[in-house]
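Secondary and tertiary structure notes
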Amino acid sequence: MKKLSIIVLLMGMVINGANAQLLKVDQAVYGMDCAPCAYGLEKGFKKMEGIEAVKVSLNDGIAYLTLAPENGLTLRKIQETVKSNGFSSRSAKVVLKGVLKQNENGWAISMNDETFLLNPDTENKILSALKPGPVKLKGLVMDQEDNRPASQWKIRISEIIL
Amino acid sequence: MLAVLHLPINENLAQGHGPLFGLQTPTLAKGGVDFNAAAMSMGTSSDESYMLRYVWSYGINEDLQINLTTPTVINRLTNPPRTRGMSNMPANGDIEASLWYRFFSNAFGVGKRFESTAIIGASAPTEERRGETLVSNSIHAAISTGYASRIWYAWLGGGYQYYFEKNNEQLGDLPYGSLVIGYRPDIFMGDYPKPDWRVFIESLAEFPGSSKSETGVQAFDHRGKKVMAGPSFLGLYGAWGVSFGALFPMYQGIDQSLPKEKYRLSVNLSYWL
């Protein structure tokens, strides 16, 4: 049991370091009404190191981002790019991998100086399947106040992939 | 160097993607650069002007934008009507630097936002006399508020231009207001990067004050009233934008010594670097 704990801990350290990352982000963007708006935002994302592909939809109001392997991006940096283009970032659907931990505040995943806290409205069947350790999951990161880009987010997990 | 037929961009976004003649609100993204080249003309009862104008805009941040506009005057009116500052001034060959500050913005839905922008500018003339009056430097201030969405747009604004005295002569001041309604038909609701077209109905009300002659007296002692209205069209594709439109007089209550306007035309090409 002790060996198993050490292995899990080592795996966690590895994932939390090099491999803990956002893999995909569908970032909701409010206030974007025209082609130059989308062009500017797309250009802004393409300049960011760690973004592999960008697609911006005016009609959906979403920037669909595929992140490169081993990227160091944070959701905060992504939302700051939205803000610097003059728009408002809202909820984001994400795919991420990291290390799931449980403490007195509940479940949390930390990566790249950001923490994703599990939102209480996550479905019971997902809650019951959670285990400490490396995890890859899909979830909805709740809307945050624009003027104070956060380093701590609330996430509603919709699927545990690994 | 961005304006001539139109104003700078934006916007963010501008961002040069608003009306052609009326005040607008969008500002560029942080670090964004926009270039506009415009061709404009004004027709009066006695003459016609032709001018090219260039506008460069730069987004200091997403709410603060600086603009510089310079003209190439092809044919200058001998007795031009007073037109407002900023880039939409077919009878006004001024070089102008301006600062736009978007002091309020509320993006509350997909493609939807309310925002308000304040504008200050300073202009230097490129001619010695405008009509019968020595023309000097001027300052301009305006404020605009508006609503943007994927379908409807509306902007309401007002401004004031003041010319300084030169050798005891002074061009009259110019308070003005503008109202613009915009609409994007269903057929142009294709998603980015498809072309994006919209149509505006623009209106402009100007109230030119009386100029002071070399004797220091005003030519007449009442403020003129002029209302112009007309359509404009804006097409956007990727980093490019083209807009064109015309204003026609609806009402001209001006002194008989001043020429009556027949039209204002503008065609503008924008590029977001």
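All residue numbers here refer to positions counted from 1 along the written sequence of the relevant chain. Starting at A for chains and at 1 for ligands, labels are handed out in the order in which the entities are written. pLDDT decides what is reported in this predicted model: residues at 70 or higher carry local features, side-chain atom pairs at 80 or more are listed and counted, and totals for whole chains, interfaces and linings draw on all residues regardless. Computation of side-chain values: all heavy atoms of the structure, hydrogens and water removed.

**Points about the interface of chain B and chain A**
Whether two residues are in contact is decided by their heavy atoms, any of which lying within 4.5 Å being enough. Contacts between the two partners involve 31 residues from chain B, matched on the other side by 25 residues from chain A. Both faces combined, the contact of chain B with chain A buries some 2,200 Å², and carbon together with sulfur accounts for 52% of it. Here, a salt bridge means any Lys or Arg side-chain nitrogen found within 4 Å of an Asp or Glu carboxyl oxygen. Viewed at the interface, chain A and chain B are joined by 3 salt bridges. Here A:Asp33 ties to B:Arg113 by a salt bridge, and the two come within 2.6 Å at their closest N and O atoms. A helix here means a DSSP run of H or I that spans at least four residues, while a strand means a run of E at least two residues long, and both kinds are numbered starting from the N terminus. Elements that contribute at least two residues to the side of chain B that touches chain A include exactly β1 (12–16), β5 (95–109), β6 (112–124) and β12 (196–206) of chain B. In this description, buried area is defined as the sum, over both parts, of the accessible area (probe of 1.4 Å) that is lost when the two are combined.

**Here's the deal with the sheet that holds β12(B)**
All names here are of chain B. Two strands pair under a simple rule: DSSP has to find at least two bridges between them. Spatial strand order, β2-β3-β4-β5-β6-β9-β10-β11-β12-β13-β14-β15: 12 strands in a closed barrel with antiparallel pairing. The mean angle between the axes of side-by-side strands here comes to 20 degrees, regardless of whether they run parallel or antiparallel. The pairing of β5 with β6 spans 13 bridges and is classified as antiparallel. Note on β6: the bridge partner recorded for Trp100 is Ile119. Helix axes use the C-alpha atoms of the stretch in contact, all axes being lines fitted to C-alpha atoms, and the angles between their N-to-C directions lie in the range 0 to 180 degrees.

**Considerations on the nonpolar core**
We call a set of buried Ala, Val, Leu, Ile, Met, Phe, Trp, Tyr and Cys residues a nonpolar core when their side-chain atoms join them within 4.5 Å. Relative accessibility thresholds used throughout: buried, under 20% of the residue-type maximum; exposed, over 50%; partly exposed, between the two (1.4 Å probe, protein chains only). Core analysis: the largest hydrophobic core is formed by 54 residues, its most contacted members being A:Leu22, A:Val25, A:Phe45, A:Leu65, A:Leu96 and A:Phe116. If one sorts the elements of this core by residue count, helix α2 (residues 35–46) of chain A sits on top with 6 residues. Core analysis: the second largest hydrophobic core is formed by 10 residues, B:Ile119, B:Ala142, B:Leu204 and B:Leu247 among them.

**As for the environment of A:Lys93**
Residue and element names in this part refer to chain A. Relative to the helices and strands, Lys93 resides in strand β4 (residues 88–103). According to the relative accessible area criterion, Lys93 is exposed, its value standing at 54%. Considering only alpha carbons, one finds Lys93 and Ile155, 62 residues apart in sequence, at a separation of 9.2 Å. Setting aside anything within four residues of it in sequence, one finds Lys93 in contact with Lys24, Val25, Asp26, Gly139 and Leu140.

**Considerations on the environment of B:Leu269**
Residues and elements named next belong to chain B. Counting through the fold element by element, Leu269 comes out in strand β15 (residues 261–272). Counting along the chain gives 29 residues from Leu269 to Trp240, while the straight-line C-alpha distance between them is 7.5 Å. In this structure, Leu269 is in contact with Phe35, Asn36, Ala37, Trp240, Gly241 and Val242, ignoring residues within four places of it in sequence.

**Some words on the packing of α2(A) against helix α3 (residues 75–84) of chain A**
Residues and elements named next belong to chain A. At a closest axis distance of 9 Å, the pairing of α2 and α3 adopts a crossing angle of 145 degrees. Handedness of the crossing formed by α2 with α3: right-handed. For the pair formed by α2 and α3, the contact residues are Leu41, Gly44 and Phe45 on the first element and Ile78, Thr81 and Val82 on the second. In the scheme used here, Gly and all other residues not listed as nonpolar or charged are polar, with Ala, Val, Leu, Ile, Met, Phe, Trp, Tyr, Cys and Pro taken as nonpolar and Asp, Glu, Lys and Arg as charged. Considering only residue class, the contact of α2 with α3 consists of 4 nonpolar, 2 polar and no charged. The sense of a crossing depends on the near helix, which, turned anticlockwise from the far helix by less than a right angle, makes the crossing left-handed and, turned clockwise, makes it right-handed.

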